[in-house]
Amino acid sequence: MFMPFSHFSSDPEVIRRRLRARLTLAEFAALCFQVALLLVFVSFHAQNLYPPHDYDNYTNTLYGNFSLYYYAYWFLPIFGFLERLPGEAGYILWSLANIAAIFFAARVFGGTGALALFSYQMIYTLFYGQITGILVGGLALCWWGMANRRYHLAGLGLLIACTKYQLGLPLGLALWLLSDLSWRERARVLIVPAVIALMSLVIYPLWPLAVLNTVRSNPPNNDGSLSVWRWLGAAALVFWLPPLLLRLPRERRFVALAAAAALALPYYQQADLLALYVLPVGWLPLLGNLGYLYPVFGWGALQGLWIIPAIAYLMALGLPLLRRFVAPVTPPPVS
């Protein structure tokens, strides 16, 4: 399966050209499809059918209900604003932001936006009103900001991504370390996240402990998690070693790290595969549509999607590993 790793670039001019490029027919179709789907979901909600459970869990925090909220509290003002909008306006705005963020991220990272938008994971995110697209957009904003030396915007993107720790922290840290910035410039990226994180602790004292108590008393449902931790336990951590220790081109290292996150973290929801789909991983997002087998195979269909990051992992590491362990064949000297 061809993966155009070289499309992953930190060159600001390359990223700028991609962002300004005209929509392809496939991208236009994918965007129209998502907007049409959004209108269908809104019509369901208007009839009190199929409520967006995750979105409701986020916005219920406005009323003091944190029983299913596992994220950083610095995002609470956004949820409060959305909940105060009339009717379905908040959900519509949230969903449009998810769609735009995935499209933006694919352009920034060099992925195939149409495949990401058409995927089961994107539809799943839209249906439940999840935050995944926003987080992935935050990672892209961070990379764009660092490439263009817009340190405050890069920091804002990093903060947005880290709202969900298991997704934003490892990938955000990887981008931060893989950037072309000096250590002084990297420190400047951290100013906005540090300031806003401290402000959140002033406004919501000890909120990390509140989140920890919520996780303990009402742990998130991991039926849709595809991490192999459920079968291997802590042995799954070994997936981190090759991307961290091998000498790899930056683009392969980041794809391998993104795949390792899906495999090795104790909890990784299948919808979070969108973070992999916006990378230059070729046609791999098509395999995400195996999620449509859920009505037949139940949660096993979603848990089996671990095959997607496994393929990306092997493709990113395959050639470097081959070069490391297979001795080159030296032709005999010509007599």
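See the structure above.
Nothing here was measured: the structure is a model prediction, and the numbers come from that model.

A. Region of interest: the packing of helix α2 (residues 25-46) against helix α5 (residues 89-109). At a closest axis distance of 10 Å, the pairing of α2 and α5 adopts a crossing angle of 160°. What the angle tells us is that α2 and α5 run roughly antiparallel. The crossing of α2 and α5 is right-handed. Each of E27, L31, Q34, V35, L38, F41, V42 and H45 in α2 lies in contact with α5, whose residues at this interface are Y91, I92, S95, L96, I99, F103 and R107.

B. Examining the pattern of salt bridges more closely. Enumeration over the complete set of coordinates arrives at five salt bridges. Note that R149 and E185 form a salt bridge whose closest N and O atoms lie 3.4 Å from each other. In this pair, R149 sits in the loop between α8 (132-147) and α9 (151-161) while E185 sits in helix α11 (residues 183-189), placing the two residues 36 residues apart along the sequence. Of the residues examined, R149 reaches a relative accessible area of 37% and is grouped as partly exposed. According to the relative accessible area criterion, E185 is buried, its value standing at 19%. When the shortest N-O distance is used, the salt bridge between D180 and R250 registers 2.7 Å. Remark: R250 occurs in helix α16 (residues 250-264) and D180 occurs in the loop between α10 (165-178) and α11; sequence separation between them is 70 residues.

Cut-offs and rules
- Residues numbered from 1 in each chain as written.
- Predicted model: local features only at pLDDT ≥ 70, side-chain atom pairs only at ≥ 80, totals over all residues.
- Heavy atoms only, no water.
- Axes fitted to C-alpha atoms, helices over the stretch in contact; angles between N-to-C directions.
- Helix = DSSP H or I, 4+ residues; strand = E, 2+ residues; numbered from the N terminus.
- Parallel < 35°, antiparallel > 145°, perpendicular 65-115°, else oblique.
- Left-handed = near helix turned anticlockwise from the far one by under 90°.
- Contact = heavy atoms within 4.5 Å.
- Salt bridge = Lys/Arg side-chain N within 4 Å of Asp/Glu carboxyl O.
- Buried < 20%, exposed > 50% of the residue type's maximum accessible area, 1.4 Å probe, protein only.

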